[in-house]
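# Reading the structure
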Amino acid sequence: MLKRLRAKKILIYSILAATLTAMLSGAVVTLAEETPERSFTGYALALPILANLDYTDVRQTNTWAKEAIWEISALEFMKGYGEKRFGVNETLTVEQAIAVAYNAVGREADAQAAAELLDRARAADARLYPAPKMWSDGYLQLAANDGLITQQDFIDALQTDQLALTGDNFLRGASATREEMAVFLGKLLTLAPINPQTRLFNSYRDWQEADPYNVPMLEAILQNGIMHGDNTGRFRPKAALTRAEAAQILVNAEPVTLPLLGLSKFKGTIEAITVQQDNRNGTAINRRKVLVRNSNGLLHEMNLVEPTVSFPSSRNELSGALINQFESVVVNNLGSLGTGSLLRAGQEISYVVDDQNRTRYIQVAKSGLSTTYILGRVISTDVATRGLVFQPYQTLPFADIRYADAKTLANIKLSGNTSAWTVSNGAKIFSDFVYKTFESIEPETHYILTVQNGMVTGMDGVTVDLLQEEGIVSGIVQENNPDLGYITLYAADGSGISAGLENGYASLRTYPYAGSITTTRDGKTATPESVLPGDSVYMRLDDDQAVEVISAASYYVPVHGTLLNRSGNNLRIQLPNGQVSNYDVPIGTPVYQSGRISSLDKALAGDDVKLLVQESGGNLAIREVNISRSPKLVDNIYRATFENTDDIRNLMTVSGVRRYLNGAWELSDEAGMMSIGFADGYQSNIDPRAVGTVFFAVRKDAAGREKIIKAVLRDDERFESVQNDTILTATPDGSRLQLYGISALVLVDEDTIVVRDNRLVDGSAIRANDQAKISTGKIGSATSLQADVVVAQAETGSKGLTIYRGRILDYVPNTTLTVESFAKLSGVKWDFSNTPKTFDIRQNETRLLEEGGIGNMRDFTLAEWKGKTVSLLVDGSKVLEISNAPYGDAALTGKITGYVGGTLDTDGKWVVEPSGYKISGARTYNPLKYTWELGTETEITLEPHTILLRKGISVSASGIQIGDQITMIRTVGSAVGRIIRVE
Amino acid sequence: MGKKICNEQKHTMHIVVSRILAMALVLVMLAAMPVFAVEGSMGYEGGISMPDRFVNDTYTYSEVVFVTGKPILMKGTLVIKKSDKGDTVTATYTYKLADEARNATLTRVNIYDTKRETKANGQIVESTKLSRQPTEVINAGGKVYTLLSYDFARSALKDPQPAIHYTAGEISGKKVYRVGTGATAPTVTIESTGKIYAFDQYWNSAQTLTETLQISYLERVGTTVIKWGGTAEVTLSGAGKQRFMYLENEPYQISFSGGYVRSNWNDGILDYNAKLPEFDKNGKATDRLLTYADKTLLESEPIHNRLMVPDLNHMKGYFSLEPIRILFGIGVIAGTGEDYNPAKYVTRSEYIAMVMRAIKDIPADPNVRTTAVVNRNRQAANGTSPFLDVKEGDANFAEIEDASKRGIIYGRGQAYFRPKEYITRAEAVTILVRALGLGGLAPANAVTPFIDNDMIPSYARNSVKVASDIGLLQDNQSGIFSGRSFISNEQTALMLYRLIVYMGDEIAQDYRDRMFQY
C-alpha cells in the first residue's frame, strides 16, 4: 500500500505544481544494487556458547540483568558455574572480581600465562587443580603487577592457609565491594582519575563511605557511565557486588572495553533476510544472508551458516559423519535465545562483531519495524555522514501530502527546533518523480521523511508550495449537501470515485459549512445550494476548518443533438454519434431561441437543440437549453422512379418525379430525369443498381438547392393509396398507427419518411389526434398498410387572422382606429354588424396598403380618411393591414400553377414581386345557389393593396406558392383579387 | 511553471522547422491539399469568399449590403494581397461586386496594417488598423453611396497550438456614406461590431465572423430632420469539408479490391437577419419593421484523391479494417500493410511518428508573399537530438524531433524519451490532447467519466476528460479507460482516425453549423 501511495503522490505533485514535463506513468529508474559496506560471517563457536549460556537461573527468572548476563556471557567476559547456572545473586569474591575485570579487557591469555609461570614455580604436589584455581593466581599476579592490589596483598593472596589471615590482610576469598570493582575496572581501563571532586560522586548521599583514595577513580567510573548507584541516591560503595551487577557493569563498560577486545558494536535495522538451502555436501544447511541497515546509513551484510534441523543438532559428533562447520550467531530475541533463525526483517538490532569480521552476538531491540512519516524542511545535509538536519512540521499517517494538515502548515512558526537524522544509503529519495541522490538534496526544500527504526529510509520531495496563506482549499465538487451542510471535493488530482481505499479519503475532503457562507459562482453572487457537483471551487476555511467562502466555477459542456421527442420536461435527444440520451430539464431552466428567452414548448421533435450540461459522477445539471434558431424544415417530399446514385458526386438520379402536395402526388416542375444531391452527413443505403420507386424528403441548403435528407426505396409491385386522416392511436415508438377512417393498421418502419410540423422526425414523434396525410403501399393481400410518407400536423387551435371591412369613424394616431359599422369575412361571405368597432393600431406592425403601393401610417390622418371604407386585416384586435382596396364579395377558388409578372435574379429570388398568378381548376361561388360552379379563369391579378394571407400569415405576392389552393374575394367578374388566402 | 518560460523558444524553433518541413511536405501533399482559406480571407466587411482556383489571391465573394435600407446580396471578386514585414502585415483588399438583377454595384479598396506581437507563451496578439483612407462607392436603387469616413479596428489573439492554430478576435467599425452629392446630401451611418473565431490546421480550417450592424439614415431638408434606422445580424462562416468514400472496382481481375477516395471541398455560408423599416411607395420609411432573413452559400468543387491501397489481405474481415485502410492510404500508418499486426502494442516512437503524420503541418497563409530564406546552417543545427536515447538516424527521428520542438512531447524525464518502450493509453491520449491544445477545456484536475477514473494517472485525467468530451474516445464503450494499459495498433488506428475525422469535420461544426443554429 505504501508503495502505491508513493507512486501516486509523486504524480499528484507533478500536477499540483504544474511541473509535469514528462510522460511519466511508467518511469522506472533502476538503481545499481547497493554494495554492503562491511560483510561479516557467523561465529564457529556460536553453538557451543549458546549451549553454555542458556542458564536455567537466568532464563527462568525475571532478572533485570538478563540481557547483560547473556551478552557478557556470549562475549565470554564472564562464565557461568557450569551446569547451566550463572549464579545471578551470588556475590563475587575479590579474586573473581579481578578475573572478571581482566577478562573484560581481553587479558585472559595474559592471566593464564602468569598463572602457568607461578604454577611451574610450585612443587608438583602443590600445583593447583582444577585449572580455574590455578588461573586465579595468574589474575592476582597481574593485579599486583598492574597496581590493582599491593605486593603485600598479593603475598596475602598466595598464602596457602587463607583462614589464618585476619581482617587487616588482603582476603582473596572475601566478597568484593562495589568500590573495589570500580577501582579495578577503572585502573584496567586506564581511566584517568578525576581528582578535583566534581559533582557526580559527591552528589551521592553515601559518598563519604568510600575510601577517599578511591574517590577520583569512582568519579571517573561514574562519568564514563560504567556504574550508577541505586535509585535512592546512594552509591553503596561498601556493598558486596553481585554477579548480576558485575554483568551489567561490564556491559556498561563496553564502549571502552570492546575496542580493547577487537570487538565493535553496531546498531541497525534488518532490511532483508534471504536464506539459501545448501544441499551440496550431502547435508542440508541454511546459508542465511542478513542485510542490516546500520545506524550510519550504510549496509552491512552477515552470512550465517546454520543447521536446518532445530538446535541442538541430533547429529552425533563422534559418529564420524560429515559435519558442516556451522557459523551462526547467538541471538537474543527479546528474551529468547537462539541463532540466526530468530532474525526477521524489520527488527532493530544491536550486534557485536570482532576484528575477524565475525558476528558474535545479536540483540534484538525491537521486534517490528516502526515507521513514521515526517513532513518538514531540509536545513542542511552532511554528505560524508549522510546526516540530515531537518525541521519537522508535522507527522503524517502516510508518506502522502494529502494528509498534511493545511492549517497547521499555514500557521507554522519557526521555533528553531530541528531534528537530525541519518539517511540510509539505500534510501529512496524522490523529488519531482525522479530519483535523487542524497548529495543533490538542497537546503530549504520540503520532504516527507520515511523514518524506520530511527533511520530515514525514504524522502519524498514535496513540490507544492507548502508554506502559503492558510485555510484555502480547492478542487472539484464531488458532493454538495446544503441540507446537512457539508461539501465534499474530489482529491486534488481528480481521483476519488473508486469504492474502497480512496473512498476512505472522502472524510478528509469533506468540509462542514460555517454559520454563514459567502458564495459566488461564475463570478456572480450565489447561494451555497447553487454549487453543483463538477464545479471547480476554491474555499476559504475558518479556524474550525468550516467553509466560510466558496468561489465556484462551473464546467458546462455543450451537448448538441436532435430532439427526437419531448414529453413534459423530458427531452429525448439523438446525439451526433447516433446515441440517444434522455435529459430531464429541471423546471426553471432557462430556454433560449435565437438568443431570446423562450420556452420548452417551442422545441418540436426534429429540432436541433443545444444543452449546456455539467456531468459529474452520477449528477447531471443543465444550465440552459437552446433551441435552434431556424428549424430544419422539410421543404419538399418527392416520389420518383429510381435510376441510380453517384457516389463520387454524392447525388441520386431519378425520373418521373412527383411532388407530395396536400396529400396528393402532383407533377413536379422537372420533366424527364432529375439529379438531386444528398445532404451533408446523410448516408443513403440504396443500392445503385436497385429498381423501384424512391420516396425522398429534401431540404434547401444555404444556396437554395434541394438536398436529400432521407430517401427510401420501395418495391413497385404494390397497391398505393394516400390516407388523409386523423391518428386514432399510435404506439409509443410510432411503428403502428390506427386511423379513424380505415380499419387497416398502418405500419411505420425506420425507412418511412415521417414529417411532423414540417420537421423530419421518427415515428415516435407521431401522436394520437395528429392530422396526417399518409402515403401507403399494400403488398398483395396484406391486411396492413406500409407507410412510405407520413406528413403529420399537430392538432392546432389556430385562431388565424380576421378580415373586417368598415367605414372609418375615428383614429387616434398609433393607438386606435374605429369604424362606424363593420362586416366580417366569414368563409367567402361578409357578415354585417351595424355597430361601431374599435381596433388597435401598432406603430411597428400596422401597414397601410393604397392603390399605388405601400402607404405611410405617418401620413394617415383622420381628416383625410374619415368616412372612407377600408378592409382591415386583424389579429385579435390588432390591425396588421389597412387596405383601401374596393369591396368585393364574389369568391373564386383555384390552384396556383404559376406566377405572372415579376422578375427573378439568378439565384431564383424575386427582384420584382409577381403581379398575378396562373390558376387551374377555378370555381366560383354562386351565393344564390350556395354552390361552387366551374369557372373559366386561368389567371388572376394582384393590386398593391390586395390582402394576401397564407396559412394565417400575411405574405407578399411571392409568398403564395405554386400548388396552393387559394380562395379569392373579388368584385364580381373581375380577375383582380381583393383578398387572397390560402388555408 | 517552467513550461511558459521556454515556450517562446520552442515557438521560434518551430517556425524554422516548419518552413523547412513545409517544403518537403508540399511535394508529397500537393495533390492532397484542400483549397485553403485562412482567417482574414473573408475580409471584414461582412461577406464570404471562396478562393479562385485559377487566379492567385483572388476570391469569389458575396456580401450583403444594407446601406439602402433593403438588403442587397452583391457578388463579385475580392483580391487580397499581403506583404509580411515581420511584425507588420500590410494587406490590400479590393472588392468589385454587383447585383445585376437589382442594378447595384460596389467597388471598395481597404488597406490594413496588422501589427503582430508574440507573447511569452507563444500566443500572437494582432491589432489591425486601416493604414490609408479607404475608398468605397455603392450604386444601388438609382443612388450613389460614397464612403465619407471609416473607423475600423480589429484585434485578435492567435494561439498556435502544435496541431491547430486558434484565433479569436473582434472588429468594430463605423462607416459614414454620403447619399448622392452635395454638402447637404443625406448620410447613412453603419456601425458594426463583430466577433471572429477561426482555426487553421492541415485537415481543415474554418473562420467565422458574427457581426451586428446598426444602420442609420439622416437627412436634413431645411429644418426638418428625416431619420430611420435598422439592425442586422450577419453570420459568416467558411470551412473545409472532407469525405472518405469507398469505391469498389468493377473489373474482377484487378490487383486490389477497391479503394478509398478522399474528397475535399470548401464552403462559405452567409446568413443574415435584418430588421429594417418598410418603405412606402414614395421611398419614405414607415414605422413598420420588416424582417429580412436569408442565407447564401459559396462552394468549391470537390477535389478527389485516391488513397493508396494497402496490402491488408491478411486482415480481411477484421473489425476496424476501414479506418486502418484509410490511415494507410493517407500515410498516417507507414508502410504498405502486409506486415501490419493490429494486435501488436505500439512503442512510443511508433506512436509519435503516427501522430505527427496525422496532424501534419499547418499550412502557411497563401496570400502572403514572403521571400523565405532557408538558412542551411539552421538545417544542420536541427540534427541535434532533443533526447539522449534518440539519435539521428534512428527510426522516426524526424518525427520525434519535430514533436519535441512543437511541444507535443517532453519525454519521460531527464531527457530520455524511451522510444522503444510501449506507450500507455494515458500517454497516448495526453499527447493527442496536447497536440490539439485543448487541455484548457477541462479543469486541470478534472474527474473523468470513466469507471476507473482513479486508476488513470493523474497527469492524464485532464486530457482523458477532454478527449472524451470532444469524442476522440468514442470507440470506448465499456466505460473503462485503463490508462495504464498499452495500446495496440488497432486501438491507435481507431483513435487517430477519430482524430482525423474530428480535425477534418467535427471541429468545424463548432465554427460553422452551430454558429448559425443558435
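Cut-off values and rules
- Residues numbered from 1 in each chain as written.
- Chains lettered and ligands numbered in written order.
- Predicted model: local features only at pLDDT ≥ 70, side-chain atom pairs only at ≥ 80, totals over all residues.
- Heavy atoms only, no water.
- Contact = heavy atoms within 4.5 Å.
- Buried area = accessible area lost by both parts, 1.4 Å probe.
- Salt bridge = Lys/Arg side-chain N within 4 Å of Asp/Glu carboxyl O.
- Nonpolar A, V, L, I, M, F, W, Y, C, P; charged D, E, K, R; others polar.
- Helix = DSSP H or I, 4+ residues; strand = E, 2+ residues; numbered from the N terminus.
- Pairing = 2+ DSSP bridges.
- Patch = residues over 30% accessible without salt bridge, like charges linked within 9 Å, V, L, I, M, F, W, Y side chains within 5 Å.
- Areas by Shrake-Rupley, 256 points an atom, 1.4 Å probe, with all protein chains shown as cover.
- Buried < 20%, exposed > 50% of the residue type's maximum accessible area, 1.4 Å probe, protein only.
- Phe/Tyr/Trp six-rings, centres within 6.5 Å; stacked < 30°, edge-to-face > 60°.
- Expected span 1.5 Å × (residues − 1).
- Arc of directions from axis to C-beta.
- Polar contact = N/O pair within 3.5 Å; in protein donor to acceptor, adjacent residues only side chain to side chain.
- Lys, Arg positive; Asp, Glu negative; His and termini not counted.
- pLDDT = per-residue confidence, 0-100.

## Comments concerning the interface of chain A and chain B
Facing 69 residues of chain A, the contacting portion of chain B comprises 66 residues. The junction of chain A with chain B conceals about 5900 Å² of combined surface from both sides, 48% of it contributed by carbon and sulfur atoms. Connecting chain A to chain B are 9 salt bridges. Across the pair D905 of chain A and R102 of chain B runs a salt bridge, and its minimum N-O distance is 3.0 Å. Within the side of chain A that touches chain B, the residues separate by chemical class into 27 nonpolar, 23 polar and 19 charged.

## Quick word on the environment of F438 of chain A
Structurally, the position occupied by F438 of chain A is in the loop between β12 (434-435) and β13 (446-452). Through-space distance from the C-alpha of F438 of chain A to that of V423 of chain A is 8.1 Å; in sequence the pair is 15 residues apart.

## A closer look at the pairing of strand β57 (residues 965-970) of chain A
Looking along a regular strand, one sees the side chains alternate between the two faces of the sheet. Residues and elements named next belong to chain A. For strand β49 (residues 890-900) and β57, the ladder comprises 6 bridges, and the chain directions are antiparallel. Note on β57: the bridge partner recorded for A891 is I969. Bridging between β57 and strand β58 (residues 977-982) involves 5 bridges; their strand directions are antiparallel. Paired with M968 across the strands is I980, a residue of β58. Here β57 hands over to β58 after 6 residues, with G973 in that stretch at a positive phi of 85°.

## Quick word on a nonpolar patch on the surface
All names here are of chain B. Taken together, the side chains of I254, F256 and V309 make up a nonpolar region of the molecular surface, amounting to roughly 200 Å² of accessible area. The topology assignment puts V309 in the loop between β15 (303-306) and α2 (321-329). The class for V309 is partly exposed, based on a relative accessible area of 32%.

## Quick word on the packing of aromatic side chains
Residues and elements named next belong to chain B. According to the stated counting rule, one finds 38 aromatic pairs over all chains in the structure shown. Note on F244 and Y497: the rings are 6.4 Å apart at their centroids and 45° apart in plane angle, and the pair reads as tilted. Of the two residues, F244 is situated in strand β12 (residues 224-248) and Y497 in helix α8 (residues 489-511); the sequence distance between them amounts to 253 residues. On the basis of relative accessibility, which here comes to 17%, the residue F244 falls in the buried class. By relative accessible area, Y497 is classed as buried at 18%. Aromatic rings pair up to connect Y44, Y93, Y112, Y150 and F152 into one cluster.

## Quick notes on helix α6 (residues 108-121) of chain A
Residues and elements named next belong to chain A. With 14 residues, α6 should cover 20 Å at 1.5 Å per step; its first-to-last C-alpha distance of 20 Å lies within 8% of that length. Among all positions of α6, only A111, A114, A115, L118 and D119 are buried. Projection of α6 onto a plane perpendicular to its axis shows the buried side chains occupying an angular sector of 135°, all on one side. Pointing more than 90 degrees away from the buried face of α6 are the exposed residues A109, L117 and R120.

## Side note on the side chain of S764 of chain A
You can see S764 of chain A is positioned in the loop between β38 (759-761) and β39 (771-778). A polar atom in the side chain of S764 of chain A sits 2.6 Å from the side chain of D762 of chain A.

## Brief notes about the side chain of R325 of chain B
Inspection of the secondary structure assignment puts R325 of chain B in helix α2. For the buried R325 of chain B, which has no salt bridge, the nearest side chain bearing the opposite charge is E322 of chain B, at an N-O separation of 7.0 Å.

## Comments concerning the confidence of the model for chain B
Residues and elements named next belong to chain B. With 88% of its residues at a pLDDT of 70 or more, chain B has an overall mean of 83. Within chain B, the lowest mean pLDDT, 35, falls on helix α1 (residues 2-29), and the highest, 95, falls on strand β7 (residues 135-140). In this model, residues 1-35 is a region of pLDDT below 50 whose contacts with residues beyond four sequence positions or in other chains number 49 contacts. A low-confidence stretch, residues 371-382 stays under pLDDT 50, and its non-local contacts, those more than four residues away or across chains, total 9 contacts. Here the prediction assigns the complex a pTM of 0.67, and the interface score ipTM is 0.78.

## Examining the confidence of the model for chain A
Residues and elements named next belong to chain A. Across chain A, the average pLDDT comes to 82, with 89% of residues at 70 or higher. Confidence drops under pLDDT 50 across residues 1-32; counting only partners more than four residues distant or on other chains, this segment forms 79 contacts. Low pLDDT (under 50) marks residues 310-314, which in the prediction has 3 contacts with non-local residues, meaning those over four places away or in another chain.

## Section: the environment of M503 of chain B
All names here are of chain B. Mapping M503 onto the fold places it in helix α8. Taking relative accessible area as the criterion, M503 reaches 0% and is therefore assigned buried. C-alpha of M503 to C-alpha of S205: the two residues are 298 residues apart in sequence and 8.8 Å apart in space. Ignoring any residue separated from it by four or fewer positions in sequence, one finds M503 in contact with A163, I164, Q201, W203, N204, I359 and L436.

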